[in-house]
Amino acid sequence: MSGQPAQTPAPYVSPGPQTTAFEVLERTTSAFSFYGVLARFVQWLERSGRTLVIALPFLWLGLFFLAPFLIVLKLSFSETVLAVPPYAPLVAWLEENGLSYLTVRLNLSNYILLFEDSLYVRAFLNSLRISAVATFLTLCVALPLANAMSRAPERWRALLLMMVILPFWTSFLIRVYAWIGILKPEGILNAVLIGLGVISEPLTILNTDIAVYIGIVYSYLPFMVLPIYASFEKMDPSLIEAAVDLGSPPIKAFWTITVRIALPGIIAGCLLVFIPAAGEFVIPDLLGGSETLMIGRTLWLEFFNNRDWPLASAVAIVLLAALTVPIVLFQRHQARRGGEDGAA
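1. A word on the environment of threonine 292
Alright, step 1. Considering the arrangement of structural elements, one finds threonine 292 in the loop between helix 12 (282-286) and helix 13 (295-305).
Alright, step 2. Along the primary structure threonine 292 and threonine 208 are separated by 84 residues, whereas in three dimensions their C-alpha atoms are 7.1 Å apart.
Alright, step 3. Threonine 292 has contacts with Asn126, Ile130, Thr208, Asp209, Val212, Pro284 and Arg297, leaving out every residue within four places of it along the chain.
Alright, step 4. At 3.2 Å, the side chain of threonine 292 and the side chain of aspartate 209 are in polar contact.

What follows is the structure in structure tokens.
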């Protein structure tokens, strides 16, 4: 009624922390029963979920990268012996005159040999040369291919991407063996060229550096195409049209605008090709000749033929250290680029 004073609503009182089903389960069951243990475990997951999410990637890296790396690093400082396994222990307990003491033997001769023996120096330099040339050739093929894919109609892009990734559906070893049948003197390539009248006698391509380049470009082309295509797809096509309208030749517009925008993808693709190609073993062993000296093949020979595990481990450590340099440089470039973009 209008003569009665208006009633003020009761103040809101928070119900406090809600009791979850697992808390009720924990209180109503025995502490050592299955449901009691399950309730405490679920509550611990709720409290520590963020820590677990952060810790799992570090645990993965520790188990599958850091632990093997430390084992190989330990082997690289060991001495080769005629035993099983073929290396002396790095750390050992010795007993002498009734006393026991811990000894650590660091053998640096493996690393010294790598820089004194011309075989390993030439293997390193040749690996860097072959991987650098193969990376450049892969870039020359991938750049126009990724650009064409990014300019294709939307309905065709998924199909084109699948065609790029399709070789990954078969074994890497089988694909390399297929190139032997293509490049050998009586293979498909020479038969086609002779049939067309281009050459009169078979070309010697197999067991040469050219065959190694072909194998690396074919095997690692998707690693170059995909990051460049991702950069091209984000680019605004109107930038090229504006440059052409202002009088820039199409080729100049491509190099000054398209390539510059896609530079992060180009650098990432080059790293994805250069790093595994430098340590490649299968391709130079099957397609290259006896003069094709690469560090991956040398490492395999030291490990399995000569059974010199410490020297092979030293080769692996030096190769890893050398390939870490371009990764660090790329990270610094990305950090500098991000800082410049943020300042702008």
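So much for the structure itself; the text now carries on.
2. Describing the pairing of strand 2 (residues 99-104)
Alright, step 1. When strand 1 (residues 91-96) meets strand 2, the two strands line up antiparallel, connected through 6 bridges. Its bridge partner lying in strand 2, glutamate 96 is registered against leucine 99.
Alright, step 2. Hairpin remark: strand 1 followed by strand 2, antiparallel, with 2 residues in the connecting loop; positive phi at asparagine 97, about 55°.

3. Focus: the pattern of salt bridges
Alright, step 1. Per the counting criterion, the structure on display carries 4 salt bridges.
Alright, step 2. Between arginine 129 and aspartate 209 there is a salt bridge, with the nearest N and O atoms lying 3.4 Å from each other. Of this pair, arginine 129 sits in helix 4 (residues 118-151) while aspartate 209 sits in helix 8 (residues 209-233), placing them 80 residues apart in sequence.
Alright, step 3. Aspartate 209 gets classed as partly exposed once you look at its relative accessible area, which sits at 26%.
Alright, step 4. With a closest N to O distance of 3.3 Å, arginine 157 and glutamate 154 form a salt bridge. Pair noted here: arginine 157 and glutamate 154 are both in helix 5 (residues 154-165), with a separation of 3 residues, about one helical turn.
Alright, step 5. Residue arginine 157 is classed as buried on the basis of its relative accessible area, which comes to 17%.
Alright, step 6. Classification of glutamate 154 by relative accessible area gives exposed; the value is 60%.
Alright, step 7. Through salt bridges with shared partners, a single network forms among Glu154, Arg157 and Glu233.

4. Points about the environment of tryptophan 255
Alright, step 1. Within the secondary structure, tryptophan 255 sits in helix 10 (residues 250-261).
Alright, step 2. Sequence-distant contacts of tryptophan 255, defined by excluding residues within four places in its chain, comprise Leu143 and Arg260.

5. Some thoughts on helix 6 (residues 172-183)
Alright, step 1. Here helix 6 spans 17 Å end to end across 12 residues, near enough to the 16 Å set by a 1.5 Å rise per residue.
Alright, step 2. Every buried residue of helix 6 is listed here: Arg175, Val176, Trp179 and Leu183. Around the axis of helix 6, the buried residues are gathered within 100° of arc, so they sit on the same side.
Alright, step 3. If you check the start of helix 6, you find a side-chain oxygen 3.3 Å away from the backbone N of leucine 173, and it comes from serine 171.

6. Re the nonpolar core
Alright, step 1. Counting residues in each nonpolar core, the largest one holds 34 residues, and the members touching the most others are Leu143, Ile216, Val225, Ile228, Ile266, Ile283 and Leu287.
Alright, step 2. If you list the elements that add at least two residues to this core, you get helix 4, helix 6, helix 8, helix 10, helix 11 (263-278) and helix 12.
Alright, step 3. Residue contributions to this core peak at 11 residues, all from helix 8.
Alright, step 4. Excluding its chain neighbours within four sequence positions, the residues that come into contact with leucine 143 are Ile228, Phe232, Phe254, Trp255, Val259 and Ile266.

7. Thoughts on the side chain of threonine 138
Alright, step 1. Examined against the element boundaries, threonine 138 turns out to sit in helix 4.
Alright, step 2. Exposure remark for threonine 138: the relative accessible area of 0% places this residue in the buried category.

Basis of the calculations
Residues numbered from 1 in each chain as written. Predicted model: local features only at pLDDT ≥ 70, side-chain atom pairs only at ≥ 80, totals over all residues. Heavy atoms only, no water. Helix = DSSP H or I, 4+ residues; strand = E, 2+ residues; numbered from the N terminus. Contact = heavy atoms within 4.5 Å. Polar contact = N/O pair within 3.5 Å; in protein donor to acceptor, adjacent residues only side chain to side chain. Pairing = 2+ DSSP bridges. Salt bridge = Lys/Arg side-chain N within 4 Å of Asp/Glu carboxyl O. Buried < 20%, exposed > 50% of the residue type's maximum accessible area, 1.4 Å probe, protein only. Expected span 1.5 Å × (residues − 1). Arc of directions from axis to C-beta. Core = buried A, V, L, I, M, F, W, Y, C linked by side-chain atoms within 4.5 Å.

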